[in-house]
Amino acid sequence: MRQMLTVLAVLSTAIVSAQSEIMLFDFRDGNMNGWRGNYHVAKCEGTKEGLHAVSNGGEDPWIEGPAMPTLPDGNYEKLWIEIRFKGTATGIQLFYGDGFSASREVHIGNPTPNEWTIGKALIPRPEGKCRLRIDPCVGNGEITVANIQAKLLF
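Position numbers for residues start from 1 in each chain and track the written sequence from start to end. Confidence filtering applies because this is a predicted model: local features only for residues at pLDDT of at least 70, side-chain atom pairs given and counted only at 80 or more, and all residues used for totals across whole chains, interfaces and linings. Calculation of side-chain values draws on the structure's entire complement of heavy atoms; hydrogens and water are dropped beforehand.

Engineer: I'm lost on the environment of Leu132 in this one. Help?
Structural biologist: Structurally, Leu132 can be placed in strand β10 (residues 131-135). Placed 36 residues apart in sequence, Leu132 and Tyr96 show a C-alpha to C-alpha distance of 4.6 Å. Residues contacting Leu132, with those up to four places away along its chain left out, are Leu24, Phe25, Trp35, Ile63, Glu64, Gly65, Met68, Leu94, Phe95, Tyr96, Phe100 and Ile148. Helix and strand definitions here come from DSSP, where helices need a minimum of 4 consecutive H or I residues and strands a minimum of 2 consecutive E residues; each element is numbered from the N-terminal end. Contacts between residues were defined by any pair of non-hydrogen atoms, one from each residue, lying within 4.5 Å.

Here is the structure:
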């Protein structure tokens, strides 16, 4: 059984790493890429490090983007989303889809607050005008997002 799990882990890693990375949003050097914060975000600005958002202490702050860039054609069912970020919270929530709901949300941990990390999430293949939303924290806090990349999973 252990050998079978090891083989499956190696194969899944090979499948993911064999795919090329697709830069969805690069926020470094002040690029906002059409992202904005809701009314619980006191500040949302482009900085040299990335998209920086500060919560005003409200219950549900988030930053959201426009429709994702068109992805390559192909027979894939899932995407690995990789978000390079740092923030004050111990994790973020990533919502995806043409509308945002709890059924289309994944939690990404932040093992060391205020240090850069690459959070990863597996989501279904986007359909239509898929957008992303990041909920950085509840209450007071801040987040800086350097970039968001994707890998196709066949």
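Engineer: Would you mind going over the confidence of the model for the protein chain with me for this structure?
Structural biologist: Residues shown with low pLDDT carry predicted positions that ought not to be read at fine detail. With 88% of its residues at a pLDDT of at least 70, the protein chain reaches an overall mean of 88. Scored between 0 and 100, pLDDT is the confidence that the predictor attaches to each residue. No element of the protein chain has a lower mean pLDDT than helix α1 (residues 2-18), which averages 46, and none a higher one than strand β5 (residues 63-67), which averages 97. Scored below 50 in pLDDT, residues 4-11 makes 0 contacts in the model with residues more than four places away or belonging to other chains. Taken together, the stretch residues 13-18 has pLDDT below 50 and engages in 5 contacts with residues farther than four places along the chain or on a different chain.

Engineer: Mind showing me how you'd approach the pattern of salt bridges here?
Structural biologist: Two side chains of opposite charge can pair, provided their charged atoms sit close to one another. Any carboxyl oxygen of Asp or Glu within 4 Å of a side-chain nitrogen of Lys or Arg constitutes a salt bridge here. Taken as a whole and judged by the stated rule, the model has 12 salt bridges. Here Glu82 and Lys151 are joined by a salt bridge, their closest N and O atoms 3.6 Å apart. With a gap of 69 residues between them, Glu82 in strand β6 (residues 78-87) and Lys151 in strand β11 (residues 142-153) connect regions that are remote in the sequence. Overlapping salt bridges bring together Glu21, Glu82, Lys120 and Lys151 as one network.

Engineer: Looking at this structure, I do not really get the pairing of β6. What am I missing?
Structural biologist: Look at any regular strand and the pattern is simple: side chains alternate between the two faces of the sheet. Think of it in three bands: residues with accessible area under 20% of the maximum for their type are buried, residues over 50% are exposed, and the middle band is partly exposed, with areas taken using a 1.4 Å probe on protein chains only. A large share of β6 lies buried, amounting to 7 of its 10 residues. Two strands form a pair only when DSSP identifies at least two bridges running between them. By the bridge criterion, 8 bridges tie β6 to strand β9 (residues 117-124) in an arrangement that is antiparallel. What sits directly across from Leu79, in β9, is Ile123. The pairing of β6 with β11 spans 10 bridges and is antiparallel. Pairing of Ile83 across the sheet is with Ile148, part of β11.

Engineer: Could you clarify how one ought to interpret the nonpolar core in this entry?
Structural biologist: Most often, soluble globular proteins keep nonpolar side chains buried together rather than apart. Ranked by internal contacts, the top residues of the largest apolar core, which has 31 residues, are Leu24, Ile83, Ile134 and Ile148. The set of elements that each furnish at least two residues to this core consists of β1 (21-26), β4 (51-55), β6, β7 (91-97), β8 (105-109), β9, β10 and β11. For this core, the element with the most residues is β11, which contributes 5 residues. Residues contacting Ile134, with those up to four places away along its chain left out, are Trp35, Trp62, Ile63, Ile83, Ile92, Gln93, Leu94, Ile143, Val145 and Ile148. The definition of a nonpolar core used throughout is a set of buried Ala, Val, Leu, Ile, Met, Phe, Trp, Tyr and Cys residues joined through side-chain atoms within 4.5 Å.

Engineer: How should I be thinking about the packing of aromatic side chains in this particular structure?
Structural biologist: The geometry of an aromatic ring pair is captured by the separation of the ring centres together with the interplanar angle, meaning the angle of the planes. Stacked, tilted and edge-to-face pairs are distinguished by plane angle, under 30 degrees for stacked and over 60 for edge-to-face with tilted covering the rest, among Phe, Tyr and Trp rings (Trp via its six-membered ring) whose centres lie within 6.5 Å. Overall, the coordinates contain 3 aromatic pairs when judged by the stated rule. Ring geometry for Phe25 versus Trp35: centroids 5.4 Å apart, planes at 80 degrees, classification edge-to-face. Here Phe25, found in strand β1, pairs with Trp35, found in the loop between β1 and β2 (36-37); they are 10 residues apart in sequence, far enough to count as distant. By relative accessible area, Trp35 is classed as buried at 4%. With a centroid separation of 5.4 Å and an interplanar angle of 85 degrees, the aromatic rings of Phe27 and Trp35 are classed as edge-to-face. Like Trp35, Phe27 is buried. The structure contains a cluster of three or more aromatic residues connected by ring pairs, namely Phe25, Phe27 and Trp35. Ring-over charges, as used throughout, are those where CZ of Arg or NZ of Lys falls within 6 Å of the ring centre and within 35 degrees of the ring normal. Above the ring of Trp116, the side-chain terminus of Arg84 is found at 4.5 Å from the ring centroid. A cation over a ring is seen here: Arg125 above Tyr76, with NZ or CZ 3.9 Å from the ring centre.

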